Protein chains: 2
Amino acid sequence: MATRARPGEREDALSRARIVEAAIEMLDGGNELTFRALAAQLRTGPGAIYWHVANKGELLAAAADAVIGEPQPVTDDPALTIRTAALEVFDAIDAHPWAGEQLARLSSQPTVLRIFERIGRQVQALGVAEAEQFTAASALLNYVLGVAGQHAAQARSVEPGTRRSDVLRAASTNLDPDRFPFIRDVAGQLREHDDRVQFLAGIDLILEGIRSRLPDGR
Amino acid sequence: MATRARPGEREDALSRARIVEAAIEMLDGGNELTFRALAAQLRTGPGAIYWHVANKGELLAAAADAVIGEPQPVTDDPALTIRTAALEVFDAIDAHPWAGEQLARLSSQPTVLRIFERIGRQVQALGVAEAEQFTAASALLNYVLGVAGQHAAQARSVEPGTRRSDVLRAASTNLDPDRFPFIRDVAGQLREHDDRVQFLAGIDLILEGIRSRLPDGR
DNA sequence: ACCTGAACACCGTTCAAGT
DNA sequence: ACCTGAACACCGTTCAAGT
């Protein structure tokens, strides 16, 4: 049996890490995650995976968690750190849209809590009053998760690389302009648009809301 | 055959409206939407449904759309209208968490575009500069969709009626306090918390960010 | 302890056949 | 035009049996 073993690639035993890695590869390839296909890829039976992973949901969560990554070091500018953290998440879901879908449908899972923690600490560093910290951090988190979900939805429905503004412009063409005047207007304005820049603009807007409530100025 | 026909309830022919209605009933009951179960409920075969609905995704989208509802009349206070519109969405996803999941994973679908349009028009009415309108409306929309997804995720994983703050407090107990100091802090502060009030506080925070950029003062 | 793969209990969807 | 329901091509998950 000619198993094409690439040089330096030992035929490791099955492990949670290898399973998650193979799952990520599969999802990144645009394929649906299936225990049968995954087992075939790992040259084993579907039952073997269940020794290392409880079920499909856990595997998807683990794959998303692996792809979101560990936090970057903080800077001494809390707002900058928040922007950086948010962009990290954006870049991760941009590279792995399926992870964006997971993020949006996971609640209080380690991955989301880690993002929340990271944002929350910087909210504290900004000097937000105790009573407002939860609101501020939640607003940022929910915005990020909302974008994650929309980004994933788009990746599913259009060709990769299509910008949100293009989708919106296309959608607005099919819309009754009398019922959707705003979308018509705004779609026209959106000539040059970068989803990443747009995402950051939203973060900055929320940060401005947070700042305007700060006890002392800035 | 004793079909228990309630008085005044004619045994209508199958229709898209009846199918969507039955689907909503099924989802509200906490059951998974299945073509077989739905067909049984409608006393027909699964194939019959396909004459009126293209596939499961379309049916879920139609059910979510039906449940989000038509916009309320606008007031002459744009901020108030935005708050009202946001609360309408929150109340709908609170009553039908499965619809929240759909919202979060649908992009540029009529339902989401309708919410976006509603928000966007009020953003214009607030006097936001043209170049900022898309950012402002997107920030609000993505926040709403993020909450929708989280709310749905929670409804799936805990008993109905559990508040986000309780989930967070429970989660924080299992968390390493050294790695999650913020969540630990904030979970402690969250004694009396209403998810609906909390949701609105986030909307107000973003609105404040929008206002702080207004050309003229308020 | 870990792996195998057949088997179980489902799915969404199609389609020939009916009315 | 609309409905029926068997059939197709899958799923996730379990579990007896192996090593």
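Residues numbered from 1 in each chain as written. Chains lettered and ligands numbered in written order. Predicted model: local features only at pLDDT ≥ 70, side-chain atom pairs only at ≥ 80, totals over all residues. Heavy atoms only, no water.

- Labelled according to an unreviewed UniProt entry, chain A appears under the name TetR family transcriptional regulator, originating from Dactylosporangium matsuzakiense.

1. Some remarks on the UniProt feature "domain: Tetracycline repressor TetR C-terminal" (unreviewed entry) in chain A
So, point 1. UniProt feature "domain: Tetracycline repressor TetR C-terminal" (unreviewed entry): in the numbering of this structure it lies at residues 72-213 of chain A.
So, point 2. Helix makes up 75% of residues 72-213 of chain A and strand 0%, whereas the separation of the span's terminal C-alpha atoms amounts to 27 Å. (UniProt positions renumbered as here; feature names shortened; annotations may be inferred. Helix = DSSP H or I, 4+ residues; strand = E, 2+ residues; numbered from the N terminus.)

2. Some details on unusual backbone geometry
All names here are of chain A.
So, point 1. Unusually for a residue other than glycine, R43 sits at a positive phi of about 50°.
So, point 2. The topology assignment puts R43 in the loop between α2 (35-41) and α3 (46-49).
So, point 3. Taking the relative accessible area as the measure of exposure, R43 reaches 54% and is therefore exposed. (Buried < 20%, exposed > 50% of the residue type's maximum accessible area, 1.4 Å probe, protein only.)

3. Section: the pattern of salt bridges
So, point 1. Summed over the entire model, instances satisfying the criterion amount to 26 salt bridges over all chains.
So, point 2. Note that R16 of chain A and E58 of chain A form a salt bridge whose closest N and O atoms lie 2.6 Å from each other. Of the two residues, R16 of chain A is situated in helix α1 (residues 16-28) and E58 of chain A in helix α4 (residues 56-68); the sequence distance between them amounts to 42 residues.
So, point 3. On the basis of relative accessible area, R16 of chain A is assigned to the partly exposed category, the value being 37%.
So, point 4. Given the relative accessible area of 30%, E58 of chain A is considered partly exposed.
So, point 5. Note that R105 of chain A is salt-bridged to E101 of chain B, the shortest N-O span being 2.6 Å. Here R105 of chain A is found in helix α6 (residues 97-105), whereas its partner E101 of chain B is found in helix α6 (residues 97-105) on a different chain.
So, point 6. Each of D65, E70 and R114 of chain A takes part in salt bridges that share partners, so that together they form one network. (Salt bridge = Lys/Arg side-chain N within 4 Å of Asp/Glu carboxyl O.)

4. As for the relation of the copies chain B and chain A
So, point 1. Least-squares fitting of chain B to chain A yields an RMSD of 0.0 Å, with the transformation described by 0.0 Å of translation along the axis and a rotation of 180°. The transformation just described matches what one would write down for a two-fold rotation axis.
So, point 2. Mapped onto chain A, 98% of the interface residues of chain B are again interface residues, and the two copies thus contact each other with one and the same surface. (Least-squares fit on C-alpha atoms with pLDDT ≥ 70 in both. Contact = heavy atoms within 4.5 Å.)

5. Some remarks on the UniProt feature "domain: HTH tetR-type" (unreviewed entry) in chain A
So, point 1. Within this structure's numbering, the places UniProt gives as "domain: HTH tetR-type" (unreviewed entry) are residues 19-63 of chain A.
So, point 2. In the segment residues 19-63 of chain A, helix accounts for 64% and strand for 0%; the C-alpha atoms at its two ends are 9 Å apart.

6. Brief notes about the interface of chain B and chain A
So, point 1. Every contact between the two is made by 61 residues of chain B and, on the other side, 60 residues of chain A.
So, point 2. Note on chain B versus chain A: buried area summed over both sides is about 5,100 Å², and carbon and sulfur give 60% of it.
So, point 3. On the chain B side of the interface with chain A, the three residues burying the most area are F134, F182 and L205 of chain B, jointly 16% of the side's total.
So, point 4. On the surface where chain B and chain A come into contact, there are four salt bridges.
So, point 5. Where chain B meets chain A, there are 20 residue pairs in polar contact (both at pLDDT 80 or more). (Buried area = accessible area lost by both parts, 1.4 Å probe. Polar contact = N/O pair within 3.5 Å; in protein donor to acceptor, adjacent residues only side chain to side chain.)

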